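# Observations on the three-dimensional arrangement
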Amino acid sequence: MNENTYHFSIGTYGGRIHGGEAPTVERSHNAVGDPFVEPDQELYGANRARMKESPVVFSMEQRLFVEKTIPILCQRGNWIYHIAACQSDHIHCLVSAHVDPKAVRRWFKTWLVQELNKKYGSRSWFVRDGSGKWVNDEQYFKNVFEYIRKQRAHRD
């Protein structure tokens, strides 16, 4: 781990919709301990109706493809890859980089979408933003690494 290590989480398009059963957070209330958005069928229905495509739910094949592709993208960006996991509705990635974390996440998503489009066809794969948290000490690094390891589709 170095001083520029980040834990990125990026949701799939429509994977978690405000008002649905799966937990979501609001942008204005996204600190540790803030409550999740409560299930609300009316809110869920309104949000779902605004979607231009169906939600992305990664298959096991797609999850494995994403996990195999992420280290290659890290090489392209000259970032240090630590670990990544792809779930059916989100991905986690732990990387070190000597550039702004928002830029890393932006390039990471751009390149991953390009690879997914080449293999599976063009569509909206991810939510607009995502989360990027600075990993500021060894214990946090170990905790995040283990958390991600347990979610991997690929078993080492």
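How each quantity is defined
Residues numbered from 1 in each chain as written. Predicted model: local features only at pLDDT ≥ 70, side-chain atom pairs only at ≥ 80, totals over all residues. Heavy atoms only, no water. Salt bridge = Lys/Arg side-chain N within 4 Å of Asp/Glu carboxyl O. Helix = DSSP H or I, 4+ residues; strand = E, 2+ residues; numbered from the N terminus. Buried < 20%, exposed > 50% of the residue type's maximum accessible area, 1.4 Å probe, protein only. Expected span 1.5 Å × (residues − 1). Arc of directions from axis to C-beta. Polar contact = N/O pair within 3.5 Å; in protein donor to acceptor, adjacent residues only side chain to side chain. Axes fitted to C-alpha atoms, helices over the stretch in contact; angles between N-to-C directions. Parallel < 35°, antiparallel > 145°, perpendicular 65-115°, else oblique. Left-handed = near helix turned anticlockwise from the far one by under 90°. Contact = heavy atoms within 4.5 Å. Nonpolar A, V, L, I, M, F, W, Y, C, P; charged D, E, K, R; others polar. Core = buried A, V, L, I, M, F, W, Y, C linked by side-chain atoms within 4.5 Å. Phe/Tyr/Trp six-rings, centres within 6.5 Å; stacked < 30°, edge-to-face > 60°.

### Details of the pattern of salt bridges
Following the criterion strictly, the structure yields four salt bridges and no others. Across the pair Glu115 and Lys118 runs a salt bridge whose closest N-O atoms are separated by 3.1 Å. Taken together, the residues span about one helical turn, with Glu115 and Lys118 both in helix α3 (residues 101-120) at a distance of three residues. Of the residues examined, Lys118 reaches a relative accessible area of 64% and is grouped as exposed. Residue Glu146 pairs with Arg149 through a salt bridge whose shortest N-O separation is 2.4 Å. You can see Glu146 and its partner Arg149 sitting in helix α4 (residues 138-151), three residues apart, about one turn around the helix.

### Some details on α4
Helix length check: α4, at 14 residues, gives a terminal C-alpha distance of 20 Å against a target of 20 Å (1.5 Å per residue), a fit within 8%. Burial in α4 covers these residues: Phe141, Val144, Ile148 and Gln151. The arc that holds the buried residues of α4, viewed along the axis, is 95°, so those residues lie on one side. Projecting away from the buried face of α4 at angles above 90 degrees are the exposed residues Lys142 and Lys150. Capping the start of α4, Asp137 holds a side-chain oxygen 3.1 Å from the backbone nitrogen of Gln139, two or three residues further along.

### Section: the packing of helix α2 (residues 60-77) against α3
Close contact between α2 and α3 brings their axes to 10 Å; oriented N to C, the two are set at 135°. Relative to α3, α2 is oriented oblique. Considering only the axes of α2 and α3, their crossing is right-handed. Residue-level inspection shows Glu61, Gln62, Phe65, Val66, Thr69, Ile70, Leu73, Arg76 and Gly77 of α2 in contact with α3, the latter providing Phe108, Trp111, Leu112, Gln114, Glu115, Leu116, Lys119 and Tyr120. Taken together, the residues of the contact of α2 with α3 break down into nine nonpolar, four polar and four charged.

### Remarks on the nonpolar core
Counting 27 residues, the largest nonpolar core has Phe58, Val66, Ile91, Phe108, Leu112, Leu116 and Phe126 as its most contacted members. Sorting the residues of this core by element identifies β1 (5-11), α2, β2 (80-86), β3 (90-96) and α3 as the ones contributing at least two each. Contact partners of Val66, with chain neighbours within four places excluded, come to Phe58, Cys86, Ile91, Leu112 and Leu116. Counting seven residues, the second largest nonpolar core, distinct from the first, contains Ala85, Leu94, Val135 and Ile148.

### Comments concerning the packing of aromatic side chains
Aromatic rings in a pair are described by how distant their centres are and how their planes are angled relative to each other. With the rule as written, the count across this model stands at eight aromatic pairs. Where Tyr6 meets Phe8, the ring centres are 6.2 Å apart and the plane angle is 40°; that geometry is what we call tilted. With relative accessibility at 9%, the residue Tyr6 sits in the buried group. Judged by its relative accessible area of 2%, Phe8 falls in the buried class. Centre to centre, the rings of Phe65 and Tyr120 are 5.7 Å apart; their planes meet at 85°, and the pair counts as edge-to-face. Taken as a pair, Phe65 in helix α2 and Tyr120 in helix α3 lie far apart in primary sequence, 55 residues in all. By relative accessible area, Phe65 is classed as buried at 12%.

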